[in-house]
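A closer look at the structure
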Amino acid sequence: GRALANAWADRFVAHVKVDTMPGWLTAPVVVLLAATDRWGAALPVLDVGEAKALTDSVRGVGQPAGFMYYHRHLRLLRALALAHTGRRAEAERIDAELARTDGARWDRGRSAMARAVIAAHLGNADRAVALATRALAEGGLTWSPVRYNGTAGLAHDPLFLPLRND
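Model, not experiment: these values are computed from the prediction.

**Section: the nonpolar core**
Generally speaking, nonpolar side chains in soluble globular proteins are found buried as a group. Residues Phe12, Leu33, Val45, Leu80, Ile118 and Phe160 are the most contacted members of the largest nonpolar core, which totals 40 residues. When residues of this core are traced back to their parent elements, those giving at least two are α1 (2-15), α2 (26-35), α3 (39-59), α4 (64-84), α5 (88-99), α6 (110-121) and α7 (125-138). Excluding residues that lie within four positions of it along the chain, Ile118 makes contacts with Leu76, Ala79, Leu80, Ala91, Ile94, Asp95 and Leu98.

**So, the packing of aromatic side chains**
Under the defined criterion, the tally for this structure stands at zero aromatic pairs. It is Arg11 that lies over the ring of Trp8; its NZ or CZ is 5.4 Å from the centre.

**So, the pattern of salt bridges**
Using the criterion set out here, one finds 10 salt bridges in the structure. The residue Glu97 makes a salt bridge to Arg75 at a minimum N-O spacing of 2.7 Å. In this pair, Glu97 is assigned in helix α5 and Arg75 in helix α4, connecting sequence segments 22 residues apart. Owing to a relative accessible area of 30%, Glu97 belongs among the partly exposed residues under this scheme. Salt-bridge contacts for Arg127 lead to Asp95; the nearest nitrogen and oxygen are separated by 2.9 Å. With Arg127 in helix α7 and Asp95 in helix α5, this pair connects stretches of sequence that are 32 residues apart.

**Let's talk about a nonpolar patch on the surface**
Side chains of Met68, Tyr69 and Trp106 sit close together on the surface and give an oily, nonpolar patch of about 280 Å² of accessible area. Of note, Trp106 is situated in the loop between α5 and α6.

**Observations concerning the packing of α1 against α2**
Taken N-terminus to C-terminus, the directions of α1 and α2 make an angle of 120°; their axes are 9 Å apart at the nearest point. As summarised for this structure, α1 and α2 are arranged oblique, according to the angle between their axes. Between α1 and α2 lies a crossing whose hand is left-handed. Residues Arg2, Ala5, Trp8, Ala9, Phe12 and Val13 of α1 lie in contact with α2, whose contacting residues are Val29, Leu32, Leu33 and Ala35.

**Considerations on the environment of Met68**
Turning to its location among the elements, Met68 is positioned in helix α4. Separated by 15 residues in sequence, Met68 and Ala53 have C-alpha atoms that sit 9.9 Å apart.

Reading guide: rules and limits
- Residues numbered from 1 in each chain as written.
- Predicted model: local features only at pLDDT ≥ 70, side-chain atom pairs only at ≥ 80, totals over all residues.
- Heavy atoms only, no water.
- Core = buried A, V, L, I, M, F, W, Y, C linked by side-chain atoms within 4.5 Å.
- Buried < 20%, exposed > 50% of the residue type's maximum accessible area, 1.4 Å probe, protein only.
- Helix = DSSP H or I, 4+ residues; strand = E, 2+ residues; numbered from the N terminus.
- Contact = heavy atoms within 4.5 Å.
- Phe/Tyr/Trp six-rings, centres within 6.5 Å; stacked < 30°, edge-to-face > 60°.
- Lys NZ or Arg CZ within 6 Å of the ring centre and 35° of its normal.
- Salt bridge = Lys/Arg side-chain N within 4 Å of Asp/Glu carboxyl O.
- Patch = residues over 30% accessible without salt bridge, like charges linked within 9 Å, V, L, I, M, F, W, Y side chains within 5 Å.
- Areas by Shrake-Rupley, 256 points an atom, 1.4 Å probe, with all protein chains shown as cover.
- Axes fitted to C-alpha atoms, helices over the stretch in contact; angles between N-to-C directions.
- Parallel < 35°, antiparallel > 145°, perpendicular 65-115°, else oblique.
- Left-handed = near helix turned anticlockwise from the far one by under 90°.

And the structure:
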């Protein structure tokens, strides 16, 4: 698994011009770069991907309702990349952005779950568990394996790996 991910990441970094990538490919590429611990390489991908997502939304490409969720996911990925590249204050600003929608009737725990992931990557395990617990109570299961496996899946969710003690 890891060797294959490294091979794909090597190929991507060497051969793909980030500005020519379709916007929808941003999140999967960032996840690949994160899985191979190339957080610094993820930031330029996110720069282009977030700009394209915004442009596509304005132009009416894709589903308008989906933009909000995709944009939040890209902001989450940016916060994680910032946390792993030593830019903690910037990651905390994104957490504060997400906090503004946290608890809104339409949010259903999604922002709290994203904030839990950020807290985990910033090394604040207690806060991460508290936010994830609240998110689960509010229904924040849209992107996590927890959605399919119950709370036992949280231990295997790659976004929560910093909480594991092995």
